[in-house]
Amino acid sequence: MTVTETPKRERAASGTASSSSSFRALATAMFKGFVRDKATLFFTLPFPLMFLVIFGLIFGDQGASRIEVGVVGDGPVIAALERSEAVELKPIENAATAEEQVRAGDIPAYVTQDGGNVTLRFAASDRTRASTVQGIVSGVVNQANIAATGQAPRFTLDAGQVEDESLQPIQYLAPGILSWAVSIAAVFGSALTVVNWRKKQVLRRLRLAPVRPVTVLGSRVVVSLGVALLQFVVFVAVALLPAFGLRLSGQWWLAIPLLLLGTLAFFSIGMLVGAFCKTEEAASGAANLITLPMAFLSGAFFPIDAIPAWLQTVSNIFPMRHLNDGMLDVMVRGQGAEALALPVLVLVGFTVVVGLLAAKVFRWED
Amino acid sequence: MSPPSALAVSDIRMSYGDVRAVDGVSFEVFQGEFFGILGPNGAGKTTALEIAEGLRKPDAGSVSLFGESPWPRNISLLPRMGVQLQASAFFEKLTAREQLETFGALYGVTSARAGEMLELVGLTDKAGTPEAKLSGGQRQRLSIACALVHDPDIVFLDEPTAALDPQARRNLWDVLREIQARGKTIVYTTHYLDEAEILCDRVAIMDEGRILAMDTPARLVRDLDAATHVILENGALPHEQARALPGAEDVVDNGVSLTISTHTPAPLLSALAERGTLDGLQVRTATLEDVFLELTGREYRA
Ligand SMILES: Nc1ncnc2c1ncn2[C@@H]1O[C@H](COP(=O)(O)OP(=O)(O)OP(=O)(O)O)[C@@H](O)[C@H]1O
Ligand SMILES: [Mg+2]
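Please read these numbers as outputs of a predicted model, since none were measured by experiment.

## What about the pairing of strand β2 (residues 19-30) of chain B?
Residue and element names in this part refer to chain B.
Piece 1. As judged from the nine bridges shared by strand β1 (residues 5-16) and β2, these two strands associate in the antiparallel manner. Bridge pairing links A8 to E28 in β2.
Piece 2. The turn joining β1 and β2, which pair antiparallel and follow one another in sequence, is formed by two residues; a positive phi near 60 degrees is taken by G17.

Structure, rendered in structure tokens:
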């Protein structure tokens with residue numbers, strides 16, 4: 001220990017640091033803390049990505065699987081059937097083989113066309129699919145009949161799916177698991193920082209430094225927002241890979257500001273958890289207890305209509321529900337900014353209310 | 001004519017439930033002074049210090065730091081004070097240098113200062129080591145460096161020399177003296193009475209929430225009017241002869257050594273010299289430890 005210090009003062013003119021230098025220093029410190037903590041990093045990126053990959057692979061083919069129907073021969077009705085894209089056609093060389101396959105349950109039905117005669121044979125044992133096929137085929141036959149008369153159809157049915165084509169699992173899994181990942185990072189991040197800083201007396205030390213509480217809070221918020229952006233980029237990039245096949249719709253980038261608002265809402269939850277919990281263990285337990293049920297009930301892992309109606313109503317209290325709704329709308333359902341009005345309103349309101357509550361119960365020390 | 005006051009604490013009280021942690025404490029620290037608060041565990045040192053820093057609101061009493069009250073959080077005072085808390089407060093996962101840079105930035109200090117501070121506390125070779133991987137003593141020194149990084153006018157150190165090895169402790173003494181030499185005011189707590197005796201201009205001896213005595217170490221010891229102990233090897237002198245020495249007041253033979261108490265060591269020592277029994281002789285004068293014993297009736301246990 002040598003004593004070679006210049007006694008000159010290097011304080012800023014006012015005697016206190018500018019807010020921006022404090023802000024930058026704190027944000028940098030926290031960001032370094034984040035990237036150097038392997039466990040946090042793991043739960044922020046690889047862990048939720050793992051779920052995206054697993055779910056993506058499990059449900060990957062489901063959306064694409066239209067009902068398969070055997071066809072024998074060729075003709076205008078079969079051609080029309082093919083154009084309708086309502087069923088998957090599987091050419092089979094003769095009726096006998098096709099019959100065998102239907103009996104074996106490999107395919108629910110087969111169609112043959114021999115001039116004006118269209119034959120449909122189905123397995124009554126598979127009633128749902130059989131009737132679907134029957135309906136589709138008879139529809140096509142009727143259309144062909146009308147076309148053959150050369151008359152304009154009297155009634156027309158304009159049938160279309162609500163979703164963008166078929167909403168393949170990856171289309172809802174990518175935004176869903178992303179919002180779950182963001183909630184983990186933001187809730188755990190803010191809760192554990194508060195608890196750890198209180199336990200290790202960093203909060204008291206900061207209280208003794210000429211730094212405004214809003215600067216400390218703001219720097220932590222900025223780190224969480226940065227992490228959320230990083231998660232967005234990585235998740236979307238992975239989901240876009242051909243193996244997963246995410247297709248983004250027109251104004252997908254509108255999801256970014258929405259995601260940042262969602263991050264703020266999750267952050268405020270974390271602050272509330274951090275205010276109540278004394279130890280890191282308690283805080284991560286509480287954070288899990290909130291994020292996981294919230295993710296399940298908000299449709300992060302499966303479409304929201306898969307849960308009972310009353311639970312769907314209940315799930316409206318979760319910010320993730322609205323984040324998911326909004327992200328699905330703009331990322332895959334091709335909707336525009338107007339679809340975000342409600343989610344934005346809810347997320348902002350949630351953040352303000354929970355944030356104020358957290359500020360009220362905040363403690364500098366135990 | 002005393003120098004201007006840096007810190008004035010008057011009659012502060014603070015209870016935790018039934019425990020009266022601080023029970024009517026008053027003291028004043030002058031600018032440029034090195035002031036020590038001594039006392040055993042639970043004496044209330046930390047509590048008193050934290051009230052002085054403005055970290056806690058006293059139940060009663062008042063604090064004036066450079067003429068202003070530090071409570072509620074007084075942001076204009078903060079740049080003038082440097083605080084080392086008893087439990088070291090660090091950011092997660094940052095290296096020694098980064099800790100200093102981060103704390104420094106909160107005060108608008110350039111990052112070059114971090115290097116100087118590392119050198120000051122002898123941690124230059126640990127600059128890139130994560131704080132969690134420092135030894136207890138190194139962490140302690142880093143914590144002190146963080147308290148000094150913005151060149152404060154008054155420094156509060158809560159047991160800065162706890163957990164240091166003897167060498168590091170002495171090095172830190174040099175650092176503290178150097179800080180004082182630059183005109184800073186130092187308020188610190190310690191368990192080491194010997195250390196306080198060496199470093200402090202004035203000390204306050206605290207026990208059970210009260211200040212029992214406050215003065216310069218030399219005057220406290222002098223006022224004690226305690227006996228000097230002359231210690232001889234066992235068998236150097238028979239017990240009766242020792243009792244008969246000029247000025248000998250009390251003689252205790254503990255089987256290993258013979259201890260003669262006296263208030264007039266000079267004639268006693270010359271009598272011993274005449275007998276040629278100076279070999280292995282030790283003279284122990286009163287220390288703050290004896291002052292503590294006298295004040296509390298208890299042996300001091302750091
Ligand atoms: N947060 C707290 N809650 C309850 N009691 C407390 C708290 N902090 C301190 N005390 C009590 O107040 C008394 C004084 O504690 P304090 O920490 O001021 O002592 P100290 O002199 O600094 O001790 P040490 O030398 O061990 O650091 C002790 O009896 C302690 O148990
Ligand atoms: Mg203490």
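Now that the structure is up, let's keep going.
## Considering the domain arrangement of chain B
Piece 1. What the domain assignment reports for chain B is domain 1 (5-216) and domain 2 (227-285).
Piece 2. Here the C-alpha centre of domain 2 of chain B lies 42 Å away from the C-alpha centre of domain 1 of chain B.

## Side note on the coordination of the magnesium ion (ligand 2)
Piece 1. Within the protein, T46 of chain B (OG1) and Q86 of chain B (OE1) serve as the donor atoms for the magnesium ion (ligand 2), at 1.8 to 2.3 Å. Separated by 40 residues along the polypeptide, T46 of chain B in helix α1 (residues 45-53) and Q86 of chain B in the loop between β5 (81-84) and α2 (96-106) bring together distant segments of the chain.

## Comments concerning the interface of chain A and chain B
Piece 1. Contacts between the two partners involve 40 residues from chain A, matched on the other side by 53 residues from chain B.
Piece 2. Roughly 4200 Å² is buried in total at the junction of chain A and chain B, and carbon and sulfur atoms are behind 54% of that figure.
Piece 3. At the junction of chain A with chain B, the criterion picks out six salt bridges.
Piece 4. Put simply, chain A and chain B have 14 residue pairs in polar contact (both at pLDDT 80 or more) between them.
Piece 5. Elements with a minimum of two residues in the side of chain A that touches chain B: α1 (19-36), α7 (169-199) and α8 (202-207) of chain A.
Piece 6. Looking at the side of chain A that touches chain B, the element that brings in the most residues is α1 of chain A, giving eight residues.

## Things to note about the environment of T277 of chain B
All names here are of chain B.
Piece 1. On the secondary structure map, T277 appears in the loop between α9 (265-274) and β13 (282-284).
Piece 2. We classify T277 as buried; its relative accessible area is 12%.
Piece 3. Through-space distance from the C-alpha of T277 to that of T161 is 39 Å; in sequence the pair is 116 residues apart.
Piece 4. In this structure, T277 is in contact with L232, A236, L237 and L272, ignoring residues within four places of it in sequence.

## A closer look at the environment of S19 of chain A
Residue and element names in this part refer to chain A.
Piece 1. Relative to the helices and strands, S19 resides in helix α1.
Piece 2. For S19, the contacting residues outside a window of four places in its chain are R212 and T215.
Piece 3. A distance of 3.5 Å separates polar atoms of two side chains, one belonging to S19 and the other to R212.

## Focus: the sheet that holds β13 of chain B
Residue and element names in this part refer to chain B.
Piece 1. Strand order in this open sheet of four strands is β11-β12-β10-β13, and the pairing throughout is antiparallel. With one partner strand each, in any of the chains shown, β11 (248-253) and β13 form the two edges of the open sheet. Between one strand axis and the next, the sheet turns through 20 degrees on average, direction left out of account.
Piece 2. One ladder, built from six bridges, connects strand β10 (residues 228-233) with strand β12 (residues 257-262); its direction is antiparallel. Note that in β12 the partner of L232 across the bridge is L258.
Piece 3. Sheet contacts for α9: β10, β11, β12 and β13; angle to β10, the most-contacted strand, approximately 15 degrees.

## As for the side chain of E53 of chain B
Piece 1. The residue E53 of chain B is located in helix α1 in this model.
Piece 2. In this structure E53 of chain B is buried but unpaired, with R204 of chain A as the nearest side chain of opposite charge at 6.1 Å.
Piece 3. Not counting chain neighbours up to four residues away, the residues in contact with E53 of chain B comprise L208 of chain A together with P70, M81, V83, L85 and F156 of chain B.

Calculation criteria
Along each chain, residues carry numbers from 1 onward, in the same order as the chain's sequence is written. Throughout, the order in which chains and ligands are written sets their labels, letters from A for the former and numbers from 1 for the latter. Two thresholds apply to this predicted model, a pLDDT of at least 70 for residue-level local features and 80 or more for giving and counting side-chain atom pairs, whereas whole-chain, interface and lining totals are computed over all residues. Only hydrogens and water are set aside; all other atoms, that is, all heavy atoms of the structure, feed into the side-chain values. Strands qualify as paired when DSSP identifies two bridges or more between them. Counting from the N terminus, the helices are the DSSP runs of H or I reaching at least four residues and the strands are the DSSP runs of E reaching at least two. Domain start and end points were adopted from an automatic or database domain assignment. The donor set comprises N, O and S atoms within 2.8 Å of the metal, extended to 3.2 Å for Na, K and Ca; water molecules are omitted, so apparent gaps in a site may simply reflect that omission. Contacts are assigned to residue pairs that have any heavy atoms within 4.5 Å of one another. Here the quantity called buried area is the total loss of accessible area, with a 1.4 Å probe, experienced by two parts when brought into contact, counted for both. By salt bridge we mean one thing: a side-chain nitrogen of Lys or Arg within 4 Å of a carboxyl oxygen of Asp or Glu. N or O atoms closer than or at 3.5 Å make up a polar contact, with two conditions inside protein: a donor-capable atom paired with an acceptor-capable one, and, for residues adjacent in sequence, both atoms drawn from side chains. The buried label applies to any residue whose accessible area, calculated with a 1.4 Å probe on protein chains only, is under 20% of its type's maximum; exposed applies above 50%, and partly exposed to all values in between. Helix axes are fitted only over the stretch in contact, all axes being lines through C-alpha atoms; the angle between N-to-C directions runs from 0 to 180 degrees. A residue counts as positive if it is Lys or Arg and as negative if it is Asp or Glu; His and the chain ends are not included.

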